[in-house]
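What the coordinates show
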Amino acid sequence: ARKIVCEALSTNFRECTKIVTQSFAATPQPGHTYIRNVFCGINASDINFTAGIYQPGVQPPFDTGFEAIGRVAALGPGVDKFKVGDAVAYTTYGAFAEQAQVDARALVPLPRLMPEALTLPVSGLTASIALEKVGEVKKGETVLVTAAAGATGSYAVQIAKGMGAHVIGTASSKEKCDMLKGLGCDRAVNYKEEDLFSVLRAEFPKGVDVVYESVGGPLFDAAVNNLAVKGRLVVIGFMSGYQDGTGWTGGGKPQKPLPPKLLSKSASVRGFFLNNYPEEWKPHMRRLAASLADGTLKGVVDPTPFEGLEGVADAIDYMYQGKNVGKVVVRIQADDAKSRL
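Residues numbered from 1 in each chain as written. Predicted model: local features only at pLDDT ≥ 70, side-chain atom pairs only at ≥ 80, totals over all residues. Heavy atoms only, no water.

1. Some remarks on the nonpolar core
Quick reminder of the rule: Among buried residues, those of type Ala, Val, Leu, Ile, Met, Phe, Trp, Tyr and Cys that are joined through side-chain atoms within 4.5 Å constitute a nonpolar core. Exposed residues in this analysis have more than 50% of their type's maximum accessible area, buried residues have under 20%, and partly exposed residues fall in between, with area computed by a 1.4 Å probe over protein chains only. Under the scheme used here, helices are H or I runs from DSSP no shorter than 4 residues and strands are E runs no shorter than 2 residues, and both carry numbers assigned from the N terminus. The criterion used for residue contact is that any of the two residues' heavy atoms lie within 4.5 Å.
With 37 residues, the main nonpolar core has Leu-131, Val-143, Val-145, Val-157, Leu-180, Tyr-212 and Phe-272 as its most contacted residues. Among the elements that line this core, the one with the most residues is helix α3 (residues 120–134), at seven residues. Those residues in contact with Leu-131 that sit more than four places away from it in its chain are Glu-136, Val-137, Val-143, Ala-156, Ile-159, Ala-160, Met-163 and Tyr-212. Grouped together as the second largest cluster of nonpolar side chains are 32 residues, Ile-47, Ala-95, Ala-313 and Tyr-318 included.

2. Description of the sheet that holds strand β1 (residues 2–6)
Which entries qualify depends on this criterion: Paired strands are those between which DSSP finds at least two bridges.
If you trace the three strands from one edge of the open sheet to the other, you get β2-β1-β4, paired in antiparallel fashion. Two strands close off the open sheet at either side, each with one partner strand: β2 (17–21) and β4 (62–63). Bridging between β1 and β4 involves two bridges; their strand directions are antiparallel. What sits directly across from Cys-6, in β4, is Phe-62.

3. Digging into the pattern of salt bridges
In plain terms, the rule: We define a salt bridge as a side-chain nitrogen of Lys or Arg found within 4 Å of a carboxyl oxygen belonging to Asp or Glu.
Per the stated rule, a full pass over the model turns up 20 salt bridges. Residue Arg-112 pairs with Glu-116 through a salt bridge whose shortest N-O separation is 3.8 Å. Of the charged contacts, one joins Glu-132 and Lys-133 as a salt bridge, the two residues approaching to 3.5 Å between their closest N and O atoms. Beyond isolated ion pairs, a larger network of salt bridges with shared partners links Glu-132, Lys-133, Glu-280 and Arg-287.

4. Side note on the packing of aromatic side chains
Condition: Centres within 6.5 Å are what make two rings of Phe, Tyr or Trp a pair, Trp counting through its six-membered ring; a difference in plane orientation under 30 degrees is then read as stacked, over 60 as edge-to-face, and the rest as tilted.
Applying the stated criterion across every chain yields a total of twelve aromatic pairs. Considering the side-chain rings of Tyr-54 and Phe-273, the 5.2 Å spacing of their centres and the 65 degrees angle between planes classify their relative orientation as edge-to-face. Here Tyr-54, found in the loop between α2 (46–50) and β4, pairs with Phe-273, found in the loop between β14 (268–271) and α10 (278–294); they are 219 residues apart in sequence, far enough to count as distant. Assessed through its relative accessible area of 23%, Tyr-54 is described here as partly exposed. On the numbers, 5.4 Å between centres and 70 degrees between planes, the contact of Phe-238 with Tyr-242 is edge-to-face. By relative accessible area, Tyr-242 is classed as buried at 5%. Each member of the aromatic cluster is reached from another via a ring pair, and the members are Phe-49, Phe-62, Phe-66 and Tyr-93.

5. A few points about the pairing of strand β3 (residues 32–41)
Burial of β3 is extensive: ten of the ten residues sit out of reach of the surface. Pairing between β3 and strand β7 (residues 99–103): five bridges, direction antiparallel. The residue of β7 that forms the bridge with Ile-35 is Ala-100. Both β3 and strand β5 (residues 67–75) contribute to a ladder of seven bridges, which runs antiparallel. Across the sheet, Tyr-34 pairs through a bridge with Ala-74, a residue of β5. Inspection of the sheet shows β3 paired to strand β15 (residues 329–331) by three bridges, in the antiparallel sense. When the bridges of β15 are listed, Gly-41 appears paired with Val-329.

Fair warning: the whole summary comes from geometry, so function is off the table for now.
The following block contains the structure:
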């Protein structure tokens, strides 16, 4: 079986990774399973991970990828909740692989092997936990979602609507804005054609109560400058500054200081990192999976096909070109429901 390893610290995924072959023992370790991965999910942070930002001091080579879905291929001693052939989803470091050894406790059973399930583990959980625990969204509040047509943004729009909020979403094309309206977004802003600051100032003069912000740069500035009294801006990422590193250094652009903007409005900027909320994963995952199954939530998967481990770098480039609508998914290999190793 093959996997993708990072060989040098860099945000250029294509250049710093390579595909290698790994061998597996005949049976998994106690409490573990072998999973034959069929689909893996692409995340903006894949290139932060290869740059070593999420695990300070980490030295290559190391495995890459955060999430996959596939079928149980073998059971280690003591695993009794699963059987060979079961469809499962999981998150772990090292998901960009044809086969992985995964702790059975980390597996989420799926009714069937569907790519939409990959919208849940990182993208869906981030939106669900961040809006509830950090954004503290209340009924009747105004919520702004940046990169709203992306994998996690499209969940944030739907979840905020479900919480009774008035939702504004930003996106970079008319097609994406149409998709947002279809998800129930009250006001879609194509920021390539409309200036977000001006729209917010004109249409929401009292400001926005909660911002779900994943882009950084000018969109972050427009959002901060339009917070309502007691508004909360939740930073779940700053994707515009990942590739060139300016997200971490500030890029040398002078900014008006943040404290006076926040103080006069009793407003706040709050960070959210999924790994800090492990106790929330299971209850939120159960709720999301039920909503996905009954159709109250839609897991948006980008229709562009990417195939094999070779397709992962292409898929990451595609996302950073701003082309995706929803979750970018790579089909690692065909689904062989009867697969035995």
